[in-house]
Structure formats: structure tokens, C-alpha cells
Amino acid sequence: MSRIGNKPITIPAGVEIKQDGNTFTVKGPKGQLVRELSSEIKVNIDGNEITFERPNNLPNIRALHGTTRANLNNMIVGVSEGFARGLELVGVGYRVQASGKGLTLSLGYSHPVEIEAVEGITFKVEGNTKISVEGIDKQLVGQVAANIRAKRPPEPYKGKGVKYADEVIRRKEGKKG
């Protein structure tokens with residue numbers, strides 16, 4: 001039994017969902033998202049509640065059951081509340097500046113690292129070491145944050161690098177003299 005797939009989704013006020021075959025359009029106060037979901041899972045929209053049914057118990061269908069529900073739920077949460085991912089720069093001389101809609105990072109390289117603005121994503125810079133990546137598409141927010149982190153991942157000895165705000169870096173002991 002899929003615990004996630006069996007949970008119904010309640011549609012909040014101000015959110016409108018349209019179904020065209022297996023393509024779903026979700027409109028809300030923050031914007032609009034369109035996504036094609038699996039045609040194997042039956043989606044029932046009754047008033048302000050959405051339920052999901054699967055035709056059989058094959059392993060790939062069972063996997064799609066929870067995934068389909070999670071994807072549609074993320075669309076609804078995104079257009080009503082939005083998603084944010086926090087990043088922190090740790091290290092001497094590591095800093096970030098907003099440049100237009102993009103970012104300029106100083107990460108200890110001989111050159112500044114430029115991050116281009118992505119459509120649907122906004123960057124907020126707090127101080128000169130904290131970045132907030134915000135948007136309505138959860139997958140896109142996470143991917144952009146991961147791309148920024150990949151420019152200088154945190155290292156285990158001093159903890160220097162770009163890390164997620166909630167990430168705990170496991171530290172290693174250095175050489176013993």
C-alpha cells in the first residue's frame with residue numbers, strides 16, 4: 001500500500017487546477033505551472049479534493065502512484081506558497097554579490113564565478129555570505145541551488161565552500177604531527 005499515493009490533496013483557496021488528458025495546469029497567486037503526469041495513474045478531482053487510483057499492483061505502477069501525487073502536490077504548494085533553498089558561503093574571502101538578476105561569487109578562484117539568472121528563479125542575498133534561491137517549481141529551485149553549490153562544494157577539513165543552510169558538514173581530523 002502506498003501511504004503517500006493514498007493521501008488525498010486538498011486544494012487551497014485561490015488555486016485553480018485544469019486537467020487535459022494527463023497534462024495538468026495549476027494556477028495560483030504566485031504563478032502558473034504546467035506538467036505532464038503519468039497516464040497510468042487515474043486522477044480524480046472532486047470539488048477541492050484530489051485522489052489518485054492505480055489500476056494494478058505492478059511494481060512500476062506502485063512507484064508511479066506516490067510520485068504522481070507528490071508531483072501534483074508540489075505544483076499546488078509552489079503556486080500558493082513557493083519554495084526556497086538557502087545557501088551559505090563559508091571561508092575567508094568567500095562572498096556573494098547580486099549583479100542584475102544573477103549573482104557574482106568570490107570563491108577563492110583567480111576569477112569571480114558568475115551565476116546567470118534562470119527564468120522563474122529569484123535570488124536574495126542576505127549579508128555577503130547568504131543566498132536564498134526562490135521560485136514556484138520545486139525541482140528547478142533545487143537544481144539551481146545544487147548548481148551553485150557545485151561551484152565549490154564544502155570540504156571536510158576546514159568546512160570551506162558553499163553549503164546548504166541546513167547542511168551539517170562532517171569534519172575530519174587533519175594530519176597529526
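Definitions and limits used
- Residues numbered from 1 in each chain as written.
- Predicted model: local features only at pLDDT ≥ 70, side-chain atom pairs only at ≥ 80, totals over all residues.
- Heavy atoms only, no water.
- UniProt positions renumbered as here; feature names shortened; annotations may be inferred.
- Helix = DSSP H or I, 4+ residues; strand = E, 2+ residues; numbered from the N terminus.
- Pairing = 2+ DSSP bridges.
- Axes fitted to C-alpha atoms, helices over the stretch in contact; angles between N-to-C directions.

The name an unreviewed UniProt entry assigns to the protein chain is Large ribosomal subunit protein uL6, from the organism Leptotrichia shahii. Looking at the Sequence similarities (unreviewed entry) heading of the UniProt record, one finds this comment for the protein chain: "Belongs to the universal ribosomal protein uL6 family."

Annotation from UniProt places "domain: Large ribosomal subunit protein uL6 alpha-beta" (unreviewed entry) at residues 11–82 and 90–164. Across residues 11–82 one finds 31% helix and 38% strand; the C-alpha atoms that close the span lie 15 Å apart.

Reading across from one edge, 11-12-7-13 is the order of the four strands in this open sheet, with antiparallel pairing throughout. The sheet terminates laterally at strand 11 (121–126) and strand 13 (161–164), the two strands that pair on one side only. Here the strands of the sheet are splayed against their neighbours by 25° on average, with no regard to which way each runs.

Glancing now at the pairing of strand 12 (residues 130–135). In terms of strand pairing, strand 7 (residues 83–90) meets strand 12 through six bridges, oriented antiparallel. Counted as the bridge partner of Gly86 is Ser132 from strand 12. Alignment of strand 11 against strand 12, held across six bridges, turns out to be antiparallel. If you follow Glu126 over to strand 12, its bridge partner there is Lys130. A loop of three residues connects strand 11 with strand 12, the two strands running antiparallel in sequence, and Gly127 in this loop sits at a positive phi of about 65°.

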